[in-house]
Amino acid sequence: MTSRSRAWINRAGFTLGLVLAGGAVAAGHVPAGERPLDARLTVTASATGGLAAVPEGRVLGTHRLAPGAAPARGAVLLSNQTSGAVTVLVRAGAKEGWFDDSLLMELRVRGGRPLRATLGELRRWRRLGPALPPHRQDRVAVRVWVPASAGGGHEGRRADVTLEFLR
């Protein structure tokens, strides 16, 4: 084989290698998605004034919070540690304000009417269910969701909400 033909073979091999490498890169390319990032939410609970919350801390967490998505669910057990029946008040606290108008929360206690409000509305104290008898416990079911009709602005964001229970 002459040096001239060897040079042509080297050039052809190099060109073929470039074409194969380019095809491998193009085949491995991940196309951009059209679905926006879902929001993340953590809900914790705390209680004072003769009430105890179990678990004290995280009640629910979700990383799939998007308009029209299934609600995230959790529960907290409230205990009345006093010797009299108490009216339970609840409010939600969050540093972030971008969920105030779009995040719906529902709290339900043993057969009582559910308390359903936006996060912004729950920033004020609200009465929760019937009075809790002395030395009794009640389960509070918590649901949170973003309705399908909600606008954007919270995609890819994270919020931490604390439910505060008081007698």
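This report concerns the structure included in the present document. (Residues numbered from 1 in each chain as written. Predicted model: local features only at pLDDT ≥ 70, side-chain atom pairs only at ≥ 80, totals over all residues. Heavy atoms only, no water.)

**Re the packing of aromatic side chains**
By convention here, two paired aromatic rings are described through the distance between centres and the angle between planes. The tally for this structure, following the rule as stated, stands at zero aromatic pairs. The lysine or arginine in question, Arg 143, covers the ring of Trp 145, its NZ or CZ lying 4.5 Å from the ring centre. Above the plane of the ring of Trp 98 lies Arg 157, whose end atom (NZ or CZ) is 4.4 Å from the centre. (Phe/Tyr/Trp six-rings, centres within 6.5 Å; stacked < 30°, edge-to-face > 60°. Lys NZ or Arg CZ within 6 Å of the ring centre and 35° of its normal.)

**A few points about the nonpolar core**
Ranked by size, the top nonpolar core spans 38 residues in total, and within it Leu 103, Met 105, Leu 128, Leu 163 and Phe 165 carry the most contacts. Here this core takes five residues from strand 1 (residues 39-47), the largest share from any one element. Residue contacts for Met 105: discarding those within four places in its chain leaves Val 43, Ala 92, Leu 115, Arg 116, Ala 117, Leu 119, Leu 122, Arg 143, Val 144, Val 161 and Leu 163. (Core = buried A, V, L, I, M, F, W, Y, C linked by side-chain atoms within 4.5 Å. Buried < 20%, exposed > 50% of the residue type's maximum accessible area, 1.4 Å probe, protein only. Helix = DSSP H or I, 4+ residues; strand = E, 2+ residues; numbered from the N terminus. Contact = heavy atoms within 4.5 Å.)

**Structural notes on the pairing of strand 1**
Examined bridge by bridge, strand 1 and strand 3 (residues 57-65) share six bridges and lie antiparallel to one another. Bridge pairing in strand 3 links Ala 39 to Leu 65. Where strand 1 lies against strand 10 (residues 158-166), eight bridges are found, and the strand directions are parallel. Residue Thr 44 lies in a different strand from strand 10, and its bridge partner there is Thr 162. (Pairing = 2+ DSSP bridges.)

**Considerations on unusual backbone geometry**
Here the bond from Val 54 into Pro 55 is cis, since omega is 5°, no more than 30 degrees from zero. Relative to the helices and strands, Pro 55 is located in the loop between strand 2 (51-54) and strand 3.

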